[in-house]
Amino acid sequence: MGARVTIADVAARAGVSISTVSLVLNNKPTRISEETRERVRQAAQDIGYSPNKVAQGLRRRLTHTLGLISDSIATTPYAGQMLAGAQDVARENGYMLFFVDTGADAEIEEQALSQMQAQQVDALIFAAMWHREVTPPTNLPNKAVYLDCFSQTSPRPSVVPDEIAGGRAAVQYLVNAGHRRIAYVDVDENPPPIASKLRHRGYLAIHEENHLPVDPALHVKGASTHDGGRQATEKLLALPKEERPTAIFCFNDRMAAGVYTALRSHGFEIPSDLSVVGYDDQQLVAAELYPPLTTVALPHYEMGKWATEVALGIRPHSGTDPPHLMPCPLITRESVAPPPVGAPTHPGGEA
């Protein structure tokens, strides 16, 4: 490997002093003529000179590094988009991203934070695999940013999905298609996850705004898996024919895949007999089902970008502000159609 090209080499090539090269390449306001400036820039380009960012950083007390600590997003395909968003912003702004997946181990979490701070990273992002409230480590810096999580006891800038709006968009899409009996296949956990409650609030809000009665029998629960969605759907199909739904909104795409299985085992076609909408737009699930699943996308990439922009000071945000709600777009595919002729329009009613 050849010797590193230095600022002295640029000065010799351009026929100027080292201080002149420094002033020009650092864009300092001086009386240096534009002709000389251009000669210095051309000399630097000709001999392949690039500034020593480490040295620059030490002078400015910056390391141009960013730390991201997460519980387990590295092992979650769709949540890995948060890393991609963070990485893109870091790269575009000349930063290197250091990432640690703690596996939700509190001791590893604190050790990782201590090590990152020892390396003098310029900013820190604390991320979660799913939307939830967190109790941050005691050594989390005040200037850190929460990604897909928040803390009421230790507030900092935070970004989370707009789950209510996502639920509203899914159910309104079904209403617009003509459905009036819409089931919610929910996750059966105690306590229920934040996303479950917020998506259900969106479901209820659309019913109220469209003057549709809410039938408790259409709110069924199961495990957050394919089999959980299948078992929950069996409860719906056990209802009398006139009380069954014509459309099903699912807590996530894995449960929606189970809904598909249950419906087909009973001879129903999607979407001609029943329409289905999921949530997450999970890779290798939603678009691969047949027919491809209409779903609500979690904005992992956009949240990763937002958190990194705030952490680097590119986007202003106060730690006392409420969590920033990132829109969850509806991804329309082929799993929704108008209800079949003669389908019930309300509990006990007929079309």
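Residues numbered from 1 in each chain as written. Predicted model: local features only at pLDDT ≥ 70, side-chain atom pairs only at ≥ 80, totals over all residues. Heavy atoms only, no water.

(A) Geometry of the overall build of the chain. Across its full length, the chain carries 11 helices and 12 strands. Over its C-alpha atoms the chain spans a radius of gyration of 27 Å, topping by over 25% the 20 Å that the globule rule assigns to 351 residues. Projected onto the principal axes, the alpha-carbon positions of the chain cover approximately 90 × 45 × 40 Å. The buried share of the chain, reckoned over its 351 residues, is 47%. Contacts in the chain between residues far apart in sequence, at least 24 positions, make up 70% of those at least 6 positions apart. Accessible area for the chain stands at about 17,200 Å²; split by element, carbon and sulfur atoms hold 52% of it. Averaging the coordinates of the 31 positive side-chain charges in the chain and doing the same for the 39 negative ones gives two points 9 Å apart. (Helix = DSSP H or I, 4+ residues; strand = E, 2+ residues; numbered from the N terminus. Rg over C-alpha atoms; globule rule 2.2 N^0.38 Å. Buried < 20%, exposed > 50% of the residue type's maximum accessible area, 1.4 Å probe, protein only. Contact = heavy atoms within 4.5 Å. Areas by Shrake-Rupley, 256 points an atom, 1.4 Å probe, with all protein chains shown as cover. Lys, Arg positive; Asp, Glu negative; His and termini not counted. Charge placed at Lys NZ, Arg CZ, Asp CG, Glu CD.)

(B) Structural detail: the packing of helix H7 (residues 163–176) against helix H8 (residues 194–209). Where H7 contacts H8, the two axes come as close as 7 Å, and the packing angle between them is 40°. Our classification of the angle between H7 and H8 gives oblique. Between H7 and H8 lies a crossing whose hand is right-handed. Packed against H7, whose contacting residues are Glu163, Ile164, Gly167, Arg168, Val171, Gln172 and Val175, the element H8 presents Ala195, Leu198, Arg199, Arg201, Gly202, Tyr203, Ala205, Ile206, His207 and Glu209 at the interface. (Axes fitted to C-alpha atoms, helices over the stretch in contact; angles between N-to-C directions. Parallel < 35°, antiparallel > 145°, perpendicular 65-115°, else oblique. Left-handed = near helix turned anticlockwise from the far one by under 90°.)

(C) Focus on the domain arrangement of the chain. Once the domains are mapped, the chain shows domain 1 (7–51), domain 2 (65–161 + 300–326) and domain 3 (163–298). Here the C-alpha centre of domain 3 lies 31 Å away from the C-alpha centre of domain 2. Taken residue by residue, the interface counts 9 residues in domain 2 and 7 residues in domain 3. Approximately 810 Å² of surface area, both sides summed, lies buried where domain 2 meets domain 3, with 61% of it carried by carbon and sulfur atoms. Across the domain 2-domain 3 interface, the total number found is 0 salt bridges. Among the elements that make up the side of domain 2 that touches domain 3, the one with the highest residue count is strand S3 (residues 123–133) (3 residues). Looking at side-chain class alone, the side of domain 2 that touches domain 3 contains 4 nonpolar, 3 polar and 2 charged residues. (Domains from an automatic or database assignment. Buried area = accessible area lost by both parts, 1.4 Å probe. Salt bridge = Lys/Arg side-chain N within 4 Å of Asp/Glu carboxyl O. Nonpolar A, V, L, I, M, F, W, Y, C, P; charged D, E, K, R; others polar.)

(D) Region of interest: the sheet that holds strand S2 (residues 96–101). In spatial order, the strands read S2-S1-S3-S4-S5-S11; together these 6 strands make up an open sheet with parallel pairing. In the strand order of this sheet, the two ends are held by S2 and strand S11 (324–326), each with one partner. With direction set aside, neighbouring strand axes in the sheet form an average angle of 20°. With 5 bridges connecting them, strand S1 (residues 65–70) and S3 associate as parallel partners. Looking at the pairing, Gly67 lines up with Leu124 of S3. Along the sheet, helix H11 (residues 300–311) contacts S1, S3, strand S4 (145–150), strand S5 (158–161) and S11; its crossing angle with S4, the most-contacted strand, is approximately 150°. (Pairing = 2+ DSSP bridges.)

(E) Examining the pairing of strand S9 (residues 275–280) more closely. Counted residue by residue, S9 has 6 buried out of 6 residues, so it is predominantly covered. The pairing of strand S8 (residues 247–250) with S9 spans 3 bridges and is parallel. If you follow Ala247 over to S9, its bridge partner there is Ser275. Crossover connection from S8 via helix H10 (residues 253–265) to parallel S9: handedness right-handed. In the sheet, S9 pairs with strand S10 (residues 294–297) via 4 bridges, with the strands oriented parallel. Across the sheet, the residue bridging to Tyr279 is Val296, located in S10. (Right-handed = clockwise from strand over helix to strand, strands pointing away.)

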